[in-house]
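One-letter residues, chain by chain:
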Amino acid sequence: MSRKMIVIGILILLTACSNTEKVDEAAVKENMSEVEEITNNSDVDNVSPAENNTFSLKEIDINRLNEIKITEKDGNRVLFDDYLSATEIVSETEAVFSDEYYDTVRNSSQALYCDGFDEGFDNNLIDSNISDMEFVHFDNSGTNSFSSFESPYNLIKKNTVLVLEGTDESSEVNVKDIVYGYCVDNITLNCFIRRNTSDTFDVIIDPAYMYGLPIYHSNATCCDYTINGLNIKADTLFLNVADVDGALKDTLMRSSSSYVYAQLTFGEIDCSYGVKSGYNITASIDDYKLITTDTERVLTKSFMFENTEDKNPEMLGVYNTLMSKMDVLNTESTLGITLLDLDFDNTPEVLATRYSDISDPSYTVYDTEAADVDIYRIENENLIYIGTLYNYHTVIYELGNVLGLKTLEDGSKAWFNMSYKNRSTGEVSDTDYIFTLEGNELKFQEVFSKDKEGIYYYFGEPMVFEESPFTHEIYGLETTSTMYSWENYKSTFGTWELIGKIKQGYCEDMKDSSFNLYSDWLSHTDPNNKSYKLQLTERMISYNVAYLVDSYYLGSYDAIKQYFEYRFLGDYAKPVIYLYPTKQEDVSVKIELNGVLTCSYPEYNDGWNVTAYPDGTLINKSDGREYSYLYWEGKGAADWDMSQGFVVKGSDTARFLQDKLEYLGLTARELNEFIVYWLPLMKDNKYNLITFQTAAYENNANLYITPKPDSVLRVFMAYKALDNYIEVPEQRLNTFKRNGFAAVEWGGTEVK
């Protein structure tokens, strides 16, 4: 959800409420003693080499730097994987490097567990909460095209520094630390604060207010705090404050040495984090407002309204209804709770997404997970059930469980959903609808459907596709193909792609008005991994419900917008397999995909069995037809490494692909077919970041060919459209040599 106004808005809706972690003085000192004095300011003069360390980056010959490659990981997450020559050497032991292609930050899970109050404290559920959080790219204020971290705050990223160590020029170079950091100014948060014996203050941010603040730790080792004798585990940040506004400092110095719960306005927060050394966070306070001294109530109680006189009655009613009906809404299968005004009367309806299974023997797709969405109207603080949407689960189709707001030709609005069930026949069948809510009735109109004979329908009318031959030339080679068309849409690859383009066009105007129906605070959903509920306390639920209500009424509510489009071509788009035996030979080909095979030609069945000829001709045994290659596409969850590659103007993409594909080892025929497919998708972009992802691709799509070829080339391109040119290290490519029985495969994907 968008939470730009929540920090203030939550105070408007809900008074004395808070959750936070805290540390006793001894624990603070222990935590801080583990933090090396690495401040990582932008001028990068933070770390001095050890006195007796003769190692110096500046004295190492540049040619040797080109050969030193360092790889640092945190579990499966890559922190640094590059040659030192790609970095800026700034001191004897420090090198600045760009981490914009690495996953370095995450949002807080907002987890808080109290000893003696929450079972999650003894069961270490905080480890589970943290492990469910996704690390993403981070750059200044999210302006970089690779930044995935969204925040309402003005975040300024500091230089990231490799701290290295060695003994002399011939020794191995090791990573002593990697130091990240950022600054943020003019930010108001609810916190626990106490006065130290010196003129400083310890501050622990209430984890419920951590949204939009980047954090770096990947486990719970730094999440233990003690607040006024109560031990807690919290996914938050600890700040040491010495800079306080003059008049305000006098007030704070007269305050208790015990923690209190207060609203703090920070002039600046300066955060540094060393992978080996931990956090070092300083801050300045410009304003302070005491909320309560009863920190135990704040930490252990759910959201309570002791004074409701100044609350918006409608907001309060919605909040009370949601909390009182949690037993109905938040069941074991619930993956999302969303507020949307489905009938446009300025009062939200409640949408509860529940995990379900497509239990139909005729449905033969590999994965049968679905997301049924129950819709309720709020009346007199009760929930009135209206109906259910039968949506695809994100595990099958990445954007299945969404609603799009469609503007119709007459100017009215309706909701668009992709259903796995035909509401007229009750059969499991891809059917897309627009619907409206009138009174307590959902009224549906079919948009796209397909019958058992394979005929597509548009608003109930059969879609008739035209076919016509056309000849075109690519780099001197004349090619004759079939053009498939319907109205203004055209495709050279078949009706399966044509219908995808038609649906894409219908959804084009919904890109900025689409709503994801999952709740990231309630469940963990990830493509090709089973979704599951997060373990939340009543307090954690109440805060998130308050955020939900606040963001709907006071914020810029978008229920976490996502691009709403058909990616019919899949994550693995048009991989094609060529076979070149040294003699006529019967060949079996199988794919083991970490995901779902969505389309194949000829039909895959349990693999392909063909007779292959030295010129590449294939005779498919199941239908006796001749083919030039084996085609497939699928949905997968590969982690594409975009840290190295080539940034190419859209207008230069054809020449670039011709040169690189030829260098990699594709023949003229193979590279031309590659370019014919991908060039229309890339040429109009201002720039394309192009990478070749053989290792990641092979890890997620195993290819088994019998008899085993003597040489195999698998070329898989991942590209990302860019609005501006960026600098990236150039990827090193290897040339393929064909020996004996050769098998060649190419494919690709667009990285959003």
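A brief structural summary.

Conventions used here
Per-chain numbering applies: the sequence of each chain, read as written, is numbered from 1 onward. The predicted origin of the model limits local features to residues at a pLDDT of at least 70 and limits the giving and counting of side-chain atom pairs to 80 or more, whereas totals for whole chains, interfaces and linings rest on all residues. Only hydrogens and water are set aside; all other atoms, that is, all heavy atoms of the structure, feed into the side-chain values. Only runs of H or I of at least four residues qualify as helices and only runs of E of at least two qualify as strands under DSSP, and these elements are numbered from the N terminus. To sort residues, take the accessible area from a 1.4 Å probe on protein chains only and compare it with the maximum for the residue type: under 20% means buried, over 50% means exposed, and anything in between is partly exposed. Note on contacts: a residue pair qualifies if any of its non-hydrogen atoms lie within 4.5 Å across the two residues. To count toward a patch, a residue needs a relative accessible area over 30% and no salt bridge; like charges are then connected within 9 Å, while nonpolar side chains (Val, Leu, Ile, Met, Phe, Trp, Tyr) are connected within 5 Å. Using a 1.4 Å probe, the Shrake-Rupley method yields the accessible areas, and only the shown protein chains count as cover for residues. Each reported salt bridge corresponds to a side-chain nitrogen of Lys or Arg within 4 Å of a carboxyl oxygen of Asp or Glu. As used throughout, the charge tally considers Lys and Arg to be positive and Asp and Glu to be negative, leaving His and the chain termini uncounted. Taken as the charge centre is NZ of Lys, CZ of Arg, CG of Asp or CD of Glu, depending on the residue. Each polar contact in these results corresponds to two N or O atoms within 3.5 Å; when the atoms are within protein, one needs to be able to donate a hydrogen and the other to accept it, and residues that are neighboring in sequence are counted only if both atoms are side-chain atoms. Paired strands, as defined in this entry, are two strands with at least two bridges between them according to DSSP. Structural elements are reduced to axes, namely lines fitted to C-alpha atoms, with helices fitted over the stretch in contact, and the angle between N-to-C directions of any two is expressed from 0 to 180 degrees. Each residue after the first adds 1.5 Å to the expected span of a helix. In this description, a disulfide is simply a cysteine sulfur pair whose atoms lie within 2.5 Å. Here the aromatic set is Phe, Tyr and Trp, taking the six-membered ring for Trp, and pairing holds for ring centres within 6.5 Å; pairs whose planes are under 30 degrees apart are stacked, those over 60 apart are edge-to-face, and all others are tilted.

Digging into the overall build of the chain
A count of helices and strands for the chain gives 14 helices and 42 strands. Across the 752 residues of the chain, 56% fall into the buried class. Expressed as a percentage of contacts within the chain between residues at least 6 apart in sequence, the contacts between residues at least 24 apart total 71%.

Quick look at a negative patch on the surface
The grouping of Asp185, Asp243, Asp245, Glu268, Asp286 and Asp287 at the surface amounts to a negative patch. The residue Asp286 is located in strand E14 (residues 278-292) in this model. Take Asp286: its relative accessible area is 46%, and that puts it in the partly exposed class.

Quick notes on the side chain of Asp99
Take Asp99: it is sitting in the loop between strand E4 (94-97) and strand E5 (112-114). There is a polar contact of 2.7 Å between the side chain of Asp99 and the side chain of Thr160. If sequence neighbours within four positions are ignored, Asp99 has contacts with Thr104, Phe138, Lys157, Thr160 and Tyr180.

A word on the sheet that holds strand E10 (residues 224-227)
Pairing is antiparallel across the open sheet formed by 3 strands, whose spatial order is E5-E11-E10. Edge positions in the sheet fall to E5 and E10, since each has one partner strand and no second. Along the sheet, successive strands turn relative to each other by an average axial angle of 30°, direction set aside. The pairing of E5 with strand E11 (residues 230-234) spans 3 bridges and is classified as antiparallel. Note that in E11 the partner of Cys114 across the bridge is Ile232.

Considering helix H8 (residues 313-324)
Given a rise of 1.5 Å per residue, 12 residues ought to cover 16 Å, and the 16 Å separating the end C-alpha atoms of H8 matches this to within 8%. Of the residues making up H8, those classed as buried are Met315, Leu316, Gly317, Val318, Tyr319, Thr321, Leu322 and Met323.

Observations regarding the side chain of Asn401
Of note, Asn401 is situated in the loop between strand E18 (382-392) and strand E19 (402-407). Taking relative accessible area as the criterion, Asn401 reaches 1% and is therefore assigned buried. Polar contacts involving the side chain of Asn401 include one to the side chain of Thr353, which spans 3.3 Å. Side chain to side chain, Asn401 and Asn391 meet in a polar contact 3.0 Å long.

Some points on the sheet that holds strand E32 (residues 585-593)
In space, the 5 strands of this open sheet follow the order E36-E35-E34-E32-E40, with antiparallel pairing throughout. Edge positions in the sheet fall to strand E36 (626-627) and strand E40 (701-706), since each has one partner strand and no second. As defined by bridge partners, strand E34 (residues 608-612) adjoins strand E35 (residues 618-620) across 3 bridges and the pair is classed as antiparallel. Directly across from Ala612, in E35, lies its bridge partner Leu618.

Some words on the pattern of salt bridges
Taken as a whole, this structure holds 21 salt bridges when the rule is applied. For Asp270, the salt bridge goes to Lys158, with nearest N and O atoms at 2.7 Å. Taken as a pair, Asp270 in strand E13 (residues 260-274) and Lys158 in the loop between strand E6 (155-157) and strand E7 (160-165) lie far apart in primary sequence, 112 residues in all. Here the two residues Asp270 and Lys158 agree in accessibility, since each one is buried. Residue Lys452 is joined to Glu427 by a salt bridge in which the shortest nitrogen-to-oxygen separation is 3.5 Å. Here Lys452, found in the loop between strand E22 (441-450) and strand E23 (456-458), pairs with Glu427, found in the loop between strand E20 (413-421) and strand E21 (428-438); they are 25 residues apart in sequence, far enough to count as distant. Lys452 sits in the exposed class, given a relative accessible area of 70%.

Here we look at helix H12 (residues 653-664)
Across its 12 residues, H12 extends 16 Å between first and last C-alpha, which sits within 8% of the 16 Å expected from 1.5 Å per residue. A positive backbone phi angle near 125° is found at Gly665, which sits one or two residues after H12.

Here we look at the state of the cysteines
Tallied over the entire structure, the rule returns 0 disulfides. Take Cys223: it sits in no disulfide, and the sulfur closest to it among the cysteines is that of Cys222, at 4.5 Å. Residue Cys223 is classed as buried on the basis of its relative accessible area of 0%.

Observations regarding the pairing of E19
Counting buried positions along E19 yields 5 of 6 residues, so the element is predominantly enclosed. Of the pairings in the sheet, the one linking E19 to strand E28 (residues 514-516) comprises 3 bridges and is antiparallel in character. Directly across from Leu403, in E28, lies its bridge partner Phe515. Hairpin connection between E19 and E20: a loop of 5 residues separates the two successive antiparallel strands, and Gly411 in this loop has a positive phi of roughly 90°.

Considering unusual backbone geometry
For the peptide bond that leads from Thr706 to Pro707, omega is 0°, which places it in the cis range. Relative to the helices and strands, Pro707 is located in the loop between E40 and strand E41 (711-722). Phi angles above zero are rare outside glycine, and Gln110 is one such case at about 60°. Note on placement: Gln110 falls in the loop between E4 and E5. At Asn380, a position not held by glycine, the phi torsion is positive, near 50°. Looking at the secondary structure, you find Asn380 in the loop between strand E17 (369-379) and E18.

Details of the packing of aromatic side chains
Evaluated as defined, the whole model comprises 35 aromatic pairs. Here the aromatic rings of Tyr578 and Tyr629 are separated by 5.6 Å at their centres, their planes lie at 70°, and the arrangement is edge-to-face. Here Tyr629 lies in the loop between E36 and strand E37 (630-636) and Tyr578 lies in strand E31 (residues 573-580), a separation of 51 residues in the sequence. As far as burial versus exposure is concerned, Tyr578 and Tyr629 are alike and both buried.

A look at the environment of His217
Tracing the chain through its elements places His217 in the loop between strand E9 (201-205) and E10. Residue class for His217 comes out buried when judged on its relative accessible area of 2%. As for His217 and Val275, which are separated by 58 residues in sequence, their C-alpha atoms are 8.0 Å apart. Excluding anything up to four places from it in sequence, His217 contacts Arg106, Ile130, Phe135, Cys222, Cys223, Asp235, Thr236, Tyr273 and Tyr279. At 2.8 Å, the side chain of His217 and the side chain of Tyr279 are in polar contact.

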